[in-house]
Amino acid sequence: PASSTEACRTGRRQRAATSPRGGMDCVPSFLFVDPLTPPSALEQYAVERTRHGPRRSEMLRFPSDMRHMGGDAEMFERLRRPAPWQQVDRPPTASVAVEYKGEKLAAGGTILQAVLRDSRPSGDGGMGAGDLCYDEHGRLVVDSGDDKHSLESVLVATHTITCTLSDPVNEQDHPEVDRPEVLVSDEMDCLLDALDRVHRNTMDVHRSLMDRSSGPDGGGDGQDCLPRDDIAALALLGALIEIGRYFRSRYDRSRLEQIPVVEDVSCQHLATKILRQLSDPVAVAAQTVPPWIRAVARACPYLPREVRHACQCQGEYGVPRALQHLQKRLLSQACPDSRRKESDAPLALTARQKVRVNRHRLHECALRVLSPPIANRDTILEIEFMGEVGTGSGPTLEFYSLVADHIRSDPPLLRPCTDGRLFFQAYDPSFASWPSGRELLSRGTLLGLTMAKCLIDGRLLDLDLHPMLFQAIWGYALPQSALRELDPQLHESLCKLRDLDDATLAGLGLTFTHPSPDPLGGNVALDADPDRAVDASCLEEYIGLVVAFTLSSGIEPFLRAVREAFEALTPLSGLEIWTADEAPGLFAGTSLNQDHLWTTEALSTAFHAAHGYTTSSPQFRHLVKLASELGQEERRAFLKFLTGSATLPEGGFEGLRPPLTVVRKERPSPPLTPDDFLPSVMTCAHYLKLPEYSSFEALEKQVKLAMSDGQSGFLLS
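What this report covers is the structure whose coordinates are included nearby. (Residues numbered from 1 in each chain as written. Predicted model: local features only at pLDDT ≥ 70, side-chain atom pairs only at ≥ 80, totals over all residues. Heavy atoms only, no water.)

## Quick notes on helix H10 (residues 292-299)
Here is step 1: With 7 of 8 residues buried, H10 is to be regarded as a mostly interior element.
Here is step 2: Taken as a whole, H10 has its buried residues at Trp 292, Ile 293, Arg 294, Ala 295, Val 296, Ala 297 and Ala 299. (Buried < 20%, exposed > 50% of the residue type's maximum accessible area, 1.4 Å probe, protein only. Helix = DSSP H or I, 4+ residues; strand = E, 2+ residues; numbered from the N terminus.)

## Thoughts on the environment of Pro 320
Here is step 1: Within the secondary structure, Pro 320 sits in helix H12 (residues 319-334).
Here is step 2: Taking relative accessible area as the criterion, Pro 320 reaches 29% and is therefore assigned partly exposed.
Here is step 3: For the pair formed by Pro 320 and Ala 285, sequence separation is 35 residues and the distance between their alpha carbons is 8.0 Å.
Here is step 4: The contacts of Pro 320, once residues within four sequence positions are left out, are Ala 348, Leu 349 and Thr 350. (Contact = heavy atoms within 4.5 Å.)

## Some details on the pairing of strand E9 (residues 351-357)
Here is step 1: Two strands pair when backbone bridges link them, and E9 and strand E10 (residues 379-385) are joined in this way by 7 bridges, in the parallel orientation. In the sheet register, Gln 353 faces E10, and the bridge partner there is Leu 381.
Here is step 2: Considered for its hand, the β-α-β crossover made up of E9, helix H13 (residues 362-369) and E10 is right-handed. (Pairing = 2+ DSSP bridges. Right-handed = clockwise from strand over helix to strand, strands pointing away.)

## Observations regarding the environment of Val 205
Here is step 1: Turning to its location among the elements, Val 205 is positioned in helix H6 (residues 187-212).
Here is step 2: The exposure class assigned to Val 205 is buried, which follows from its relative accessible area of 1%.
Here is step 3: Distance from Val 205 to Arg 228, taken between C-alpha atoms, is 10.0 Å for residues 23 residues apart in sequence.
Here is step 4: Leaving out residues up to four positions away in the same chain, Val 205 has contacts with Ile 231, Ala 295, Val 296 and Ala 299.

## A word on the sheet that holds strand E15 (residues 680-682)
Here is step 1: Across the sheet, 4 strands lie side by side as E13-E14-E16-E15; this open sheet has mixed pairing. Each edge of the open sheet carries a strand with a single partner, namely strand E13 (608-609) and E15.
Here is step 2: Strand contacts of helix H24 (residues 618-628): E13, strand E14 (661-664) and strand E16 (687-690), with the helix running at about 115° to E16, the strand carrying the most contacts. (Axes fitted to C-alpha atoms, helices over the stretch in contact; angles between N-to-C directions.)

## Concerning unusual backbone geometry
Here is step 1: Here the residue pair Asp 410 and Pro 411 is connected by a cis peptide bond, since its omega of -10° sits within 30 degrees of zero.
Here is step 2: Structurally, the position occupied by Pro 411 is in the loop between helix H14 (393-407) and strand E11 (414-416).
Here is step 3: Positive phi values are uncommon outside glycine, yet Gln 287 reaches one of about 55°.
Here is step 4: For Gln 287, a relative accessible area of 39% corresponds to the partly exposed category.

## Considerations on the packing of helix H15 (residues 435-457) against helix H21 (residues 556-567)
Here is step 1: Interhelical geometry of H15 versus H21 gives an angle of 40° and a closest axis separation of 7 Å. Looking at the two axes, H15 sits oblique to H21. Both H15 and H21 take part in a crossing whose hand is right-handed. Contacts between H15 and H21 involve Leu 440, Leu 441, Gly 444, Thr 445, Leu 447, Gly 448, Leu 449, Met 451, Ala 452 and Leu 455 on the former and, on the latter, Pro 557, Phe 558, Ala 561, Val 562, Ala 565 and Phe 566.
Here is step 2: Residues belonging to the contact of H15 with H21 are distributed by class as follows: 13 nonpolar, 3 polar and no charged. (Parallel < 35°, antiparallel > 145°, perpendicular 65-115°, else oblique. Left-handed = near helix turned anticlockwise from the far one by under 90°. Nonpolar A, V, L, I, M, F, W, Y, C, P; charged D, E, K, R; others polar.)

Such coordinate-based values are descriptive only and should not be taken to indicate function.
Okay, here's the thing in structure tokens:
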């Protein structure tokens, strides 16, 4: 019974004695161990206790996803080790010998197998561990040939396992031991890290299926589980895609047309199976959707985008949002016309929380309204500005645009790369003690909160973040070659250093400081002795430290701030069903550099004319012509005037809901003419009221004036 077990556990903790050995003073004499734990896990536990002291719980649990895998100790060790790019300061390591009745336990088995071998005699004086299986009554038994016996007699007994620690091994005396690097050194390490993720994601699928099964074959109800061969196929496809990315990052893509990528994989049968599971309103409302669905979505980046989006919406953002997304998806399938009637009653309503903020105190107001409990997954946040009459999605989108502008302000938290996308600016780790440094960390927190709330509410954020920024936030390994894409000027300078002879290199007078000071004016020390000269013997060490600071240690405070803020609103793991290349589009929408969305043909189709105008009206055609000729910055101003946001959703203007509608503004009384008036817009409804201008020049002048001067205010027209 649970009560007696807890009492036993409490009693043993009270009687826990201390060991006279140094470093093990806090380790109790008694430790509850899961019977399916491999000896290697117990060894590692004892070693970690010598390093870090006692843990909160004295119960050593074995991961549930390993219970059905036969105790694969090697795989368990690989899953537990730190990421290869993380800097690990490892203390002297003690070796541990795990023994049961005087015999050392085999590394490849489990503690239960060792106990079974010794507990039941057989013809040769011992027994094979046998296979764990279920009998006809659903009980776990050991099958050793013709005999099946219950585990009860073994599990209720007390078995003594001894862990003997040897003297710590000083790694400085063993130079052959390879220490983990601050940053992975090449793309091959990144490939191995990616393959580890594929393995872990596949294990999640296996575990979720086994949790639903009623027997060792994973049968369950037989309707919503995947065959084991399919799980192996998922792992193989994931590995092939990661290997393809590795080769495409190193070699000319024209020579690698046969290497598979995500777009080459079609998995329609699995996608249909998932959508069928997610189309049950009762299951969605009761949150009883099979757990293997989300696990498969994370393990399969080649699933269609709408399938992964449905998986994300069904569990991450509450029942009302899940039901709304389900209704929207079902109606879009039944009625392909996107402009269906709006009288359809929603299955559920999400409460709207209206908050009034001060434009002149944006940072303080944004931190407050985007933090719990004001911001949460159960409500949609709507912003109003003090002293202004505007309300709805228009002011809300402008609020997020203003927050994005604030995050981009000086000193820079994010710096543009060569393609215009943003990555973290590296700073000296001591910057957090400076007033400007604390303000930077606060902006990092604001970035995490804003990203999370925009993702929950389906808002757009005017920040075109680099895919490698998401890899860093997720904790994925970044290769040193990433510097070539993120900071090509610094990468080129470091490469040129390798081509210099010893005399020329010494003449440069380089020391172990970063070649360029951070924006706060500080010289970043890369070594305990920053005045140490750089010569040919330590050049590679210097280059490695520069790259590690730029891509790892110099941005770690911001990564930590973004992660913690994001997790305060929604789990960061929910974002990992998207690839690093897809994640920026979730926030920034469609890039303004896609010129095909700004052609006269595309705009004529996306813009709708009504109430006085038709698609053949001169004013409508002049507006389309003007929009097609705008530059990138003018496009941003045009969009911000029309919608409140400086970016477009996926699909460009076709993705606006409701679509952009151009109507004729009422004629003024004489002697005034339409050329004397500016256009106005209802941002929430995307409703542009355009005067009946007499010429293209008059329209261009007034529209551009409205784009520049008609910002930062929502007033009655």
